[in-house]
Amino acid sequence: MSLLQSVKNLVRSHSIHVAYVDVGSCNGCDIEVLACLSPRYDIEQYGIYVHNNPREADILLVIGAYTPGWEEKLHTLWEKIPDPKAAIAIGNCPISGCLFNRPHSLVDPPVSKHIPIAAEVPGCPPRPTEILSAVLSLAPLVFKDYEVAKR
Amino acid sequence: MPLPIFPYLCEIVRLEWVRKFFFVKTAPLVTPSHSRGFPELTGKTCTHALFCMMACPAPGAIDVIKTTEGWEPRIHKGHCIRCGLCVEACPNGVLTSGRILESMFYDHTRLSFSFRIDVDTNLCMGCGNCAVACPVNKVIDAQMAYGGRASTDQLLLKVSEGKCHVLYPELCTGCKTCENHCPNEAIRVSRLLEAVHIEEEEI
């Protein structure tokens, strides 16, 4: 492994930029994601930063059961994220639709039909620790030796 | 008088503070024991009463599956909302989650079920799908034919005069099979859950 690659690995492991997008949830999971920022869980000490800008994000947290208003937009948003990137489904809604997936509802879960999902965190809502450990365990799989794996 | 820079720095940049700043102290990533997680099996025997499935508010979250050892409830992550109602509903204590079983024991509470079937006579067209699909009817009259025609009147659902009629609503087990088989959404089953307080001598 080249020196440049090891420097990249080191830097990337402490600088995970996260964007979150709510594609139609009840806001319960949004609250849990924001609770990760609070002093009790404090994701910034792990080098995870929340920006709501997909162009500077590494990881996209998808929350919600995919309502029709997101049909074009979510894929555009996913395209905007520069490589290497990964998407995590937070909560039951992007996985199964949870309580909203009933007859005559407009939601279209799972979100993995629309964008590639790398990890799923079940729960309604998941605990902040579960979100945090999902991000921390996914990040080395995606970002470590990314250039080597691409070649 | 020269500025006492060194004592000043010692006062501000304390070693303890520097250590805390550069070497993070990890937040507790453990789940506390009282947290209501996904229900887990206690090892007690499941009697296939299916109250867990009746109480579950999330679609597709729990199934009772027949294994080689017997019946076993299985929780589907991604569907389960961790409400703990299946734990409370189970008459045998097969499932456990957090402190639910302990608090039920100390508070002397349990869930009581009743089911209510409503047939919208304006929508019902008397096709008899509900009566044929109903598993309670199937036990009473296994010969029940197309259109809900049966030889007996001791049924839960029966079609007479072109409409579905609920004859013995107390037989209903709340499975909602009729609701799923109705082409017109004319039949609705509501599951009524009540937390009731039981006297100590009944336990």
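Residues numbered from 1 in each chain as written. Chains lettered and ligands numbered in written order. Predicted model: local features only at pLDDT ≥ 70, side-chain atom pairs only at ≥ 80, totals over all residues. Heavy atoms only, no water.

*Asks:* Looking at this structure, I do not really get the interface of chain A and chain B. What am I missing?
*Replies:* Where interface size is quoted, it is often the accessible area lost as the parts come together. Contacts between the two partners involve 21 residues from chain A, matched on the other side by 21 residues from chain B. Interface of chain A and chain B: buried area, both sides summed, is about 1,600 Å²; carbon and sulfur atoms make up 54% of it. Looking at the side of chain A facing chain B, the largest losses of area belong to Gln45, Tyr46 and Arg127 of chain A, adding up to 28% of the total buried there. Summed over the shared surface of chain A and chain B, the number is one salt bridge. For Glu130 of chain A, the salt bridge goes to Arg82 of chain B, with nearest N and O atoms at 3.2 Å. Summed over the shared surface of chain A and chain B, the number is seven residue pairs in polar contact (both at pLDDT 80 or more). Within the residue set of the side of chain A that touches chain B, elements represented by two or more residues are helix H4 (93-96) and helix H5 (128-143) of chain A. (Contact = heavy atoms within 4.5 Å. Buried area = accessible area lost by both parts, 1.4 Å probe. Salt bridge = Lys/Arg side-chain N within 4 Å of Asp/Glu carboxyl O. Polar contact = N/O pair within 3.5 Å; in protein donor to acceptor, adjacent residues only side chain to side chain. Helix = DSSP H or I, 4+ residues; strand = E, 2+ residues; numbered from the N terminus.)

*Asks:* Is there a simple way to explain the state of the cysteines in this structure?
*Replies:* Each disulfide consists of one covalent bond between the sulfur atoms belonging to two cysteines. In the structure shown here, the tally under the stated rule is zero disulfides over all chains. Left without a disulfide partner, Cys93 of chain A is nearest to the cysteine sulfur of Cys98 of chain A, which lies 5.1 Å away. Just so you know, Cys86 of chain B is unpaired, no disulfide at all, and the nearest cysteine sulfur is the one on Cys83 of chain B, 6.2 Å from it. (Disulfide = S-S within 2.5 Å.)

*Asks:* Please clarify how the nonpolar core should be interpreted in this entry.
*Replies:* Note that soluble globular proteins tend to have their nonpolar side chains buried in a common cluster. Counting residues in each nonpolar core, the largest one holds 25 residues, and the members touching the most others are Ile16, Ile48, Ile59, Leu61, Ile88 and Ile90 of chain A. Put simply, the parts of the chain that give this core at least two residues each are strand E1 (16-22), helix H2 (28-35), strand E3 (59-63), strand E4 (86-90), strand E5 (119-121) and H5 of chain A. Excluding residues that lie within four positions of it along the chain, Ile90 of chain A makes contacts with Cys29, Val33, Leu61, Val62, Ile63, Val121, Pro126 and Ile131 of chain A. Judged by nonpolar contacts, the second largest core, of 23 residues, contains Ala55, Cys124, Leu156 and Ile187 of chain B. (Core = buried A, V, L, I, M, F, W, Y, C linked by side-chain atoms within 4.5 Å. Buried < 20%, exposed > 50% of the residue type's maximum accessible area, 1.4 Å probe, protein only.)

*Asks:* Please clarify how the pairing of strand E2 (residues 62-66) of chain B should be interpreted in this entry.
*Replies:* On a regular strand, one side chain projects to one face of the sheet and the next to the other, so that they alternate. All names here are of chain B. Sheet topology places E2 next to strand E3 (residues 71-75); five bridges connect them, and they run antiparallel. Directly across from Val64, in E3, lies its bridge partner Pro73. Once E2 ends, the chain turns through four residues before running back antiparallel as E3, passing Gly70 with a positive phi of about 135 degrees. (Pairing = 2+ DSSP bridges.)

*Asks:* When you look at the pattern of salt bridges in this model, what are you seeing that I'm missing?
*Replies:* Pairing of side chains with opposite charge becomes possible as their charged atoms draw close. This structure, assessed with the given rule, holds eight salt bridges over all chains. With its nearest N and O atoms 3.7 Å apart, the salt bridge here joins Arg188 of chain B to Glu179 of chain B. Overall, the relative accessible area of 42% leaves Arg188 of chain B in the partly exposed class. Note on Glu179 of chain B: relative accessible area 18%, which makes it buried. With a closest N to O distance of 3.8 Å, Arg188 of chain B and Glu185 of chain B form a salt bridge. Residue classification places Glu185 of chain B among the partly exposed residues on the basis of a relative accessible area of 35%. One network of salt bridges, with partners in common, ties together Lys8, Arg12 and Glu147 of chain A.

*Asks:* What is the right way to read a nonpolar patch on the surface from this model?
*Replies:* All names here are of chain B. Together, Leu3, Ile5, Tyr8, Leu9, Ile12, Val13, Trp17, Phe21, Phe22 and Phe23 make up an exposed nonpolar region whose accessible area comes to about 1,200 Å². Taken together, the elements giving at least two residues each to the nonpolar patch come down to helix H1 (5-12) and helix H2 (15-22). A per-element tally of the nonpolar patch places H1 first, with four residues. On the accessibility criterion, Phe23 (64% relative accessible area) is exposed. (Patch = residues over 30% accessible without salt bridge, like charges linked within 9 Å, V, L, I, M, F, W, Y side chains within 5 Å. Areas by Shrake-Rupley, 256 points an atom, 1.4 Å probe, with all protein chains shown as cover.)

*Asks:* It is not clear to me how the domain arrangement of chain B should be interpreted in this structure. Could you clarify?
*Replies:* Each assigned domain of chain B is listed here: domain 1 (40-107) and domain 2 (115-191). Of note, the centres of domain 1 of chain B and domain 2 of chain B, computed from C-alpha atoms alone, are 28 Å apart. (Domains from an automatic or database assignment.)

*Asks:* How do you make sense of the packing of aromatic side chains when you look at a structure like this?
*Replies:* The geometry of an aromatic ring pair comes down to the distance between the two centres and the angle between the two planes. Enumeration according to the criterion identifies three aromatic pairs over all chains in this entry. Taking 5.5 Å as the distance between ring centres and 75 degrees as the angle between the ring planes, the aromatic pair formed by Phe105 of chain B and Tyr106 of chain B counts as edge-to-face. Pair check on accessibility: Phe105 of chain B and Tyr106 of chain B agree, each one exposed. Members of the aromatic cluster, each reached through a chain of ring pairs, are Phe51, Phe113 and Phe115 of chain B. Here Lys85 of chain A stacks its cationic end above the ring of Trp78 of chain A, 4.5 Å away from the centre of that ring. It is Arg82 of chain B that lies over the ring of Phe38 of chain B; its NZ or CZ is 4.7 Å from the centre. (Phe/Tyr/Trp six-rings, centres within 6.5 Å; stacked < 30°, edge-to-face > 60°. Lys NZ or Arg CZ within 6 Å of the ring centre and 35° of its normal.)

*Asks:* Honestly, the sheet that holds E3 of chain A in this entry has me stumped. Any pointers?
*Replies:* Within a beta sheet, neighbouring strands are joined by backbone hydrogen bonds and run either parallel or antiparallel to one another. Residue and element names in this part refer to chain A. Strand order in the open sheet formed by five strands is E2-E1-E3-E4-E5, and the pairing between neighbours is parallel. Two strands bound the open sheet, and with one partner strand each, they are strand E2 (48-50) and E5. Strand-to-strand, the axes of this sheet are offset by a mean angle of 25 degrees, without reference to chain direction. As paired elements, E1 and E3 share five bridges and run parallel to each other. When the bridges of E3 are listed, Asp22 appears paired with Ile63. Sitting on the sheet, H5 touches E1, E2, E3, E4 and E5, and the angle it makes with E4 is about 160 degrees. (Axes fitted to C-alpha atoms, helices over the stretch in contact; angles between N-to-C directions.)

*Asks:* Is there a simple way to explain H2 of chain A in this structure?
*Replies:* Residues three or four positions apart in an α-helix share a direction because the helix packs 3.6 residues into each turn. Listing the buried residues of H2 of chain A in full gives Gly28, Cys29, Asp30, Glu32 and Val33 of chain A. The elements touched by buried residues of H2 of chain A are E1, E3, E4 and H5 of chain A.

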